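Structural overview
Below are the chains, spelled out letter by letter.
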Amino acid sequence: MEKMAEGHEELVKVFDTDEESEAMVVRGLLDSVGIEAITQNREAPQDILPGVGGVVVLVRPDQAQEALQTIEEYRSHPTTDEDETASEEPV
């Protein structure tokens, strides 16, 4: 965990989007499975051009493969609130 605080040069990009909200969902997904992730603005300085340039999600290199698999599994089988409600009811 300390490596993340030291500098971003050791982090690996696992997701790239133009939508900050989408990046936050992916970050939450990764956090929920124990992968520490951060979001970072791709290009434009946000104090000058907020919301311009897109967002990337970064993780430690040793968690990159697991993060990519988690994102891919979510894309293949996204869950919704309805899915969770249905799975909680007895069959």
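Residues numbered from 1 in each chain as written. Predicted model: local features only at pLDDT ≥ 70, side-chain atom pairs only at ≥ 80, totals over all residues. Heavy atoms only, no water.

1. Details of the overall build of the protein
- For the protein, the helix and strand inventory stands at 4 helices and 3 strands.
- The helix and strand sequence of the protein, counted from the amino end, reads α-β-α-β-β-α-α.
- Burial status across the protein gives 30% buried among its 91 residues.
- Of the contacts formed within the protein by residues at least 6 apart in sequence, a portion of 62% connects residues at least 24 apart.
- When the accessible area of the protein is evaluated, it comes to approximately 6500 Å², of which 50% is carbon and sulfur surface. (Helix = DSSP H or I, 4+ residues; strand = E, 2+ residues; numbered from the N terminus. Buried < 20%, exposed > 50% of the residue type's maximum accessible area, 1.4 Å probe, protein only. Contact = heavy atoms within 4.5 Å. Areas by Shrake-Rupley, 256 points an atom, 1.4 Å probe, with all protein chains shown as cover.)

2. Examining the nonpolar core
- Val14, Val26, Leu30, Val57, Val59, Ala67 and Ile71 are the most contacted members of the largest nonpolar core, which has 13 residues in total.
- Broken down by secondary-structure element, the contributors of at least two residues to this core are strand 1 (12-17), helix 2 (20-32), strand 3 (55-59) and helix 3 (64-76). (Core = buried A, V, L, I, M, F, W, Y, C linked by side-chain atoms within 4.5 Å.)

3. Things to note about helix 2
- An ideal rise of 1.5 Å per residue puts 18 Å on 13 residues; helix 2 measures up with 18 Å between its terminal C-alpha atoms.
- Buried within helix 2 are the following residues: Ala23, Val26, Leu29 and Leu30. Projected onto a plane normal to the axis of helix 2, the buried residues spread over an arc of 120 degrees and lie on a single side. Helix 2 presents Glu20, Ser21 and Ser32 as exposed residues on the side facing more than 90 degrees away from its buried surface.
- Tucked into the core, helix 2 has its buried residues touching strand 1, strand 2 (37-41), strand 3 and helix 3.
- Within two residues after helix 2, Gly34 carries a phi angle of roughly 90 degrees, on the positive side. (Expected span 1.5 Å × (residues − 1). Arc of directions from axis to C-beta.)

4. Let's talk about the sheet that holds strand 3
- Reading across from one edge, 1-3-2 is the order of the 3 strands in this open sheet, with antiparallel pairing throughout. Sheet topology places strand 1 and strand 2 at the edges, where each strand pairs with a single neighbour. Recorded for the sheet is a direction-independent mean angle of 30 degrees between the axes of neighbouring strands.
- Set on the sheet, helix 3 makes contact with strand 1 and strand 3; between it and strand 1 the angle comes to about 30 degrees. (Pairing = 2+ DSSP bridges. Axes fitted to C-alpha atoms, helices over the stretch in contact; angles between N-to-C directions.)

5. Some details on the confidence of the model for the protein
- Confidence in the prediction of the protein, expressed as mean pLDDT, is 79, and 65% of residues score 70 or more.
- Overall, residues 1-6 carries pLDDT values under 50, and its contacts beyond four positions in sequence, including any with other chains, amount to 10 contacts. (pLDDT = per-residue confidence, 0-100.)

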